[in-house]
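Observations on the model geometry
As a plain string of letters, each chain reads:
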Amino acid sequence: NAGVTQTPKFQVLKTGQSMTLQCAQDMNHEYMSWYRQDPGMGLRLIHYSVGAGITDQGEVPNGYNVSRSTTEDFPLRLLSAAPSQTSVYFCASSFSGTSGVHNEQFFGPGTRLTVL
Amino acid sequence: AQTVTQSQPEMSVQEAETVTLSCTYDTSENNYYLFWYKQPPSRQMILVIRQEAYKQQNATENRFSVNFQKAAKSFSLKISDSQLGDTAMYFCALVGAGSYQLTFGKGTKLSVIP
């Protein structure tokens, strides 16, 4: 199993450009999520999904869109990048019950995004 | 709302010694789950230990153990016989039993000194 994969590993954007961060998992996990990690801030949840066709907002969703058309893939879209979105982005997945997620999160290797 | 506080931004420990990382939290849930994750310089997030709040027994994984004080809302991580490979950021995290949203603390940077 490849686990959770993310592409690209590094990306530089100019303000106003759009891009999609890719995330895929091959563990048949229902739950997938996106976090951003900023210095001194820990990890903050952007969006999450509990299954194909179901997404919801986390703590810091503004400026980001997600969709979940398959169990395996959970892309994160930046429609108009801003310097405040410079961060390291992590995708994670886990098994989840019908009433919450309390199992181990499996994380991807992260994407370092710089917005100039 | 739930919060997780890690009050020690940085710590250091001599190799083979024991170190304890602090974590306090606040939640209105009666049942919840607590985690410690490790992030070495490679940036990969790795689960260290997991605790279910309704279980009174403290979780243990080899050299890693927790001191879970539910009434005090405290969840500290003890690392025994510290090794150079333990050098990493350590994050405490919390999720309510009925929730899909994990809340992470800001992290503690641990350096193991040879």
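Everything here concerns the structure above.
Read on for a plain summary of the structure. (Residues numbered from 1 in each chain as written. Chains lettered and ligands numbered in written order. Predicted model: local features only at pLDDT ≥ 70, side-chain atom pairs only at ≥ 80, totals over all residues. Heavy atoms only, no water.)

**So, the interface of chain A and chain B**
- In this complex, chain A contributes 33 residues to the contact, which on the side of chain B involves 20 residues.
- Taken together, the two surfaces of chain A and chain B that pack against each other cover about 2100 Å², and 53% of this comes from carbon and sulfur.
- On the chain A side of the contact with chain B, Leu-43, His-102 and Phe-107 of chain A bury the most area, a combined 27% of that side's loss.
- Along the contact surface separating chain A from chain B lie 0 salt bridges.
- If you list the elements that add at least two residues to the side of chain A that touches chain B, you get strand S4 (31–38), strand S5 (42–51), strand S9 (87–94) and strand S11 (111–115) of chain A.
- Among the elements that take part in the side of chain A that touches chain B, S5 of chain A stands out by supplying 5 residues, more than any other.
- Counted by class, the side of chain A that touches chain B contains 13 nonpolar, 16 polar and 4 charged residues. (Contact = heavy atoms within 4.5 Å. Buried area = accessible area lost by both parts, 1.4 Å probe. Salt bridge = Lys/Arg side-chain N within 4 Å of Asp/Glu carboxyl O. Helix = DSSP H or I, 4+ residues; strand = E, 2+ residues; numbered from the N terminus. Nonpolar A, V, L, I, M, F, W, Y, C, P; charged D, E, K, R; others polar.)

**A closer look at the pattern of salt bridges**
- Taken as a whole and judged by the stated rule, the model has 6 salt bridges over all chains.
- One salt bridge connects Glu-52 of chain B with Lys-55 of chain B, and the closest N-O pair in it is separated by 3.5 Å.
- The class of Lys-55 of chain B is partly exposed, set by a relative accessible area of 43%.
- Here the salt bridges share partners, and the residues they tie into one network are Arg-36, Asp-38 and Arg-44 of chain A. (Buried < 20%, exposed > 50% of the residue type's maximum accessible area, 1.4 Å probe, protein only.)

**With respect to the packing of aromatic side chains**
- Tallied over the full model, the rule gives 14 aromatic pairs over all chains.
- Arranged with centres 6.5 Å apart and planes meeting at 75°, the rings of Phe-107 of chain A and Phe-104 of chain B form a pair that is edge-to-face. Highlighted residues: Phe-107 of chain A in strand S10 (residues 106–107) and Phe-104 of chain B in strand S11 (residues 103–104), drawn from two different chains.
- In this structure Phe-104 of chain B comes out as buried when scored by relative accessible area, which is 6%.
- An aromatic cluster of three or more residues is present, and its members are Tyr-35, Phe-90 and Phe-107 of chain A together with Phe-35, Tyr-37 and Phe-104 of chain B. (Phe/Tyr/Trp six-rings, centres within 6.5 Å; stacked < 30°, edge-to-face > 60°.)

**A look at the sheet that holds strand S3 (residues 19–25) of chain A**
Residue and element names in this part refer to chain A.
- Taken in spatial order, the 4 strands make up an open sheet running S1-S3-S8-S7, and their pairing is antiparallel. Each end of this open sheet is capped by a strand with a single partner; those strands are strand S1 (4–7) and strand S7 (64–66). Each strand axis lies, on average, 20° off the axis of its neighbour in the sheet, ignoring direction.
- In this sheet, S3 lies alongside S1 in antiparallel orientation, the contact comprising 4 bridges. Residue pairing across strands places Thr-7 opposite Gln-22, the latter belonging to S3. (Pairing = 2+ DSSP bridges. Axes fitted to C-alpha atoms, helices over the stretch in contact; angles between N-to-C directions.)

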